[in-house]
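# A closer look at the structure
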Amino acid sequence: HTVLTTEDKSFSTVSNDLGEILLPESLLHKKIYIDDYLYFKESKIFTEVKKYVWEIKPNSETLEEIIIDENIKLSLQEVIRNSIKSFSENLQLSTYYRENYYNNSSLACFADGMVDFYIDKNTYIQSVIKQSRTKSFAPTSNMNMRTSYSLENIIDATMRFNVIQELLEDKKYDFYVTEKKVGDKTIHTCYFMSKEKVKKRLLRSGYFVYDADKKIILESSFGLDPNKAKYNKALNVVLGKFHISNFESRSKYVDSDGLYYPSFARVKTVGSVNSKLANIDNEKINNEVFFYVLNTRIINKTPTSFSAKGKLYSRGTKYNYPFWDSPEIKHLVK
């Protein structure tokens, strides 16, 4: 998900899964920059409405080398603390936000909307839902909706790095850090996986990438460890059995000329629930929540009246205009 910004940082957006971006006509004749640590920083000025192919050059990379550091865990915790502290103050992130709920592989229903996230000077995050709608195509279980990430869950995972912190503190996991040069940046990647002899359920694996000099996280990706899937048995609780068969989380961040913020995040959960007590027979869990940052804006102060919580679906359909027909949103989810 590559980031494009204007020269004055008044506009920024992120590409879809295919690397495509749709820019508004208001950006004609303005200088647009590729702003992603994986690529050389380049600029273009577009002068007419048409389809362009922008062939961007990957930053030159050196081979990864493993770092030997007896205090590496303390260094990684410092990176997390500094990343949280470094998020830009008094910033409004205007996002397209979506929850998808599936029956098997077919979309049963969804909720989407325009959600603003505000970061104040103490990096306290507020969520304001500006527009929302819901659509249903087939029945889906209440459990499927209850197990999806909420607004506060996904922001905590994306901007508080709570899952990464939990894994670093968990003695069931090993991790190691590599170093390489990407362009003029020194990039470290922390890989983590469960220890060889650990045989527990819901063991995870993945990585996060960070700028070694600034000590800020640039992207993360983790999920259930496929090599430990045989240990991933159902969890017996009072009400029944929960089984999570797949979990994926991805996020990416922009670090550009003094601005640092998330540009994209996605969480997907797949599993099932059985409960004789609650009369639940193998209810399927298959949902995902994601957001794309469409634009950023520095503001004087953040809202103080309310902060939205819970699931977008529970808000129902409340909108002032058909936001889903906006070309940039159609492009993101096509």
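An account of the accompanying structure is given in this report.

About the cut-offs
- Residues numbered from 1 in each chain as written.
- Predicted model: local features only at pLDDT ≥ 70, side-chain atom pairs only at ≥ 80, totals over all residues.
- Heavy atoms only, no water.
- 1 Å grid on protein atoms, 1.4 Å probe; cavity = no way out; pocket = protein on both sides within 12 Å on 5 of 7 lines; lining within 4 Å.
- Points joined across faces, edges and corners; volume = space filled by probe spheres on them.
- Pairing = 2+ DSSP bridges.
- Helix = DSSP H or I, 4+ residues; strand = E, 2+ residues; numbered from the N terminus.
- Axes fitted to C-alpha atoms, helices over the stretch in contact; angles between N-to-C directions.
- Patch = residues over 30% accessible without salt bridge, like charges linked within 9 Å, V, L, I, M, F, W, Y side chains within 5 Å.
- Areas by Shrake-Rupley, 256 points an atom, 1.4 Å probe, with all protein chains shown as cover.
- Salt bridge = Lys/Arg side-chain N within 4 Å of Asp/Glu carboxyl O.
- Buried < 20%, exposed > 50% of the residue type's maximum accessible area, 1.4 Å probe, protein only.
- Contact = heavy atoms within 4.5 Å.
- Nonpolar A, V, L, I, M, F, W, Y, C, P; charged D, E, K, R; others polar.
- Polar contact = N/O pair within 3.5 Å; in protein donor to acceptor, adjacent residues only side chain to side chain.
- Phe/Tyr/Trp six-rings, centres within 6.5 Å; stacked < 30°, edge-to-face > 60°.
- Lys NZ or Arg CZ within 6 Å of the ring centre and 35° of its normal.
- Core = buried A, V, L, I, M, F, W, Y, C linked by side-chain atoms within 4.5 Å.

This part covers the layout of surface pockets. Gaps left between atoms are located by rolling a probe of water-molecule size over the structure's atoms. The calculated volume of the largest pocket comes to roughly 710 Å³. Considering the residues around the largest pocket, the lining is formed by 23 residues, among which Ile21, Leu22, Leu23, Phe46 and Tyr52 are closest to the centre.

To continue, consider the sheet that holds strand β3 (residues 31-34). Spatially, the four strands line up as an open sheet ordered β2-β1-β3-β4, and their pairing is antiparallel. Among the strands making up the open sheet, the edge pair consists of β2 (12-14) and β4 (43-45). Pairwise comparison of adjacent strand axes, ignoring direction, gives a mean angle of 25° for this sheet. Of the pairings in the sheet, the one linking β3 to β4 comprises three bridges and is antiparallel in character. Of the residues in β4, the one forming a bridge with tyrosine 33 is serine 43.

Okay, a nonpolar patch on the surface next. Together, Ile66, Ile68 and Tyr176 line one region of the surface with nonpolar side chains, adding up to about 350 Å² of accessible area. Secondary-structure assignment places isoleucine 68 in the loop between β5 (65-66) and α1 (72-86).

What follows deals with helix α3 (residues 151-159). Looking only at α3, the buried set comprises Leu151, Ile154, Ile155, Ala157, Thr158 and Met159. Immediately beyond the C-terminal end of α3, within one or two residues, lies phenylalanine 161, with a positive phi of roughly 55°.

We now examine the side chain of serine 249. Here serine 249 shows up in strand β14 (residues 241-256). The class for serine 249 is buried, based on a relative accessible area of 7%. Ignoring anything within four residues of it in the chain, the contact list for serine 249 reads Ser220, Ser221, Phe222, Arg266 and Val267.

Glancing now at empty space enclosed by the protein. On inspection of all chains with the given rule, the structure shows three cavities of 30 Å³ or more. Looking at the largest cavity, its volume works out to about 60 Å³. Sorting the residues of the lining of the largest cavity by element identifies α3, β12 (216-224), β14 and β15 (259-275) as the ones contributing at least two each. Counting residues per element, the lining of the largest cavity draws most heavily on β14, at four residues. Looking at side-chain class alone, the lining of the largest cavity contains seven nonpolar, four polar and two charged residues.

Now for the environment of arginine 98. Inspection of the secondary structure assignment puts arginine 98 in strand β6 (residues 91-103). Separated by 167 residues in sequence, arginine 98 and alanine 265 place their C-alpha atoms 11 Å apart. The residues contacting arginine 98, other than those within four sequence positions of it, are Leu107, Phe110, Ala111, Asp112, Glu288, Val289 and Phe290. A distance of 3.3 Å separates the side chain of arginine 98 from the side chain of tyrosine 96, its partner in a polar contact. Within polar-contact distance, the side chain of arginine 98 engages the side chain of asparagine 100 at 2.7 Å.

What follows covers the packing of aromatic side chains. Inspection of the entire model under this criterion finds 22 aromatic pairs. With centroids separated by 4.7 Å and ring planes inclined at 85°, the aromatic side chains of tyrosine 319 and tryptophan 324 adopt a geometry described as edge-to-face. Owing to a relative accessible area of 38%, tyrosine 319 belongs among the partly exposed residues under this scheme. Ring plane angle 80° and centroid distance 5.0 Å describe the contact between phenylalanine 323 and tryptophan 324, whose orientation is recorded as edge-to-face. In this structure an aromatic cluster arises from ring pairing among Phe87, Phe161, Tyr253 and Tyr260. For arginine 98, the ring lying beneath its charged end belongs to phenylalanine 110, and the centroid distance is 3.9 Å. When the ring centre of phenylalanine 290 is taken as reference, the NZ or CZ atom of arginine 266 above it lies at 4.8 Å.

With that settled, consider the nonpolar core. In terms of nonpolar packing, the biggest core is built from 66 residues, with Tyr97, Ile154, Phe161 and Ile217 touching the most fellow members. For isoleucine 154, the contacting residues outside a window of four places in its chain are Tyr97, Tyr149, Ala265, Val267, Val289, Phe290 and Phe291. Membership of the second largest hydrophobic core comes to seven residues, among which are Phe11, Leu27, Ile34 and Phe46.

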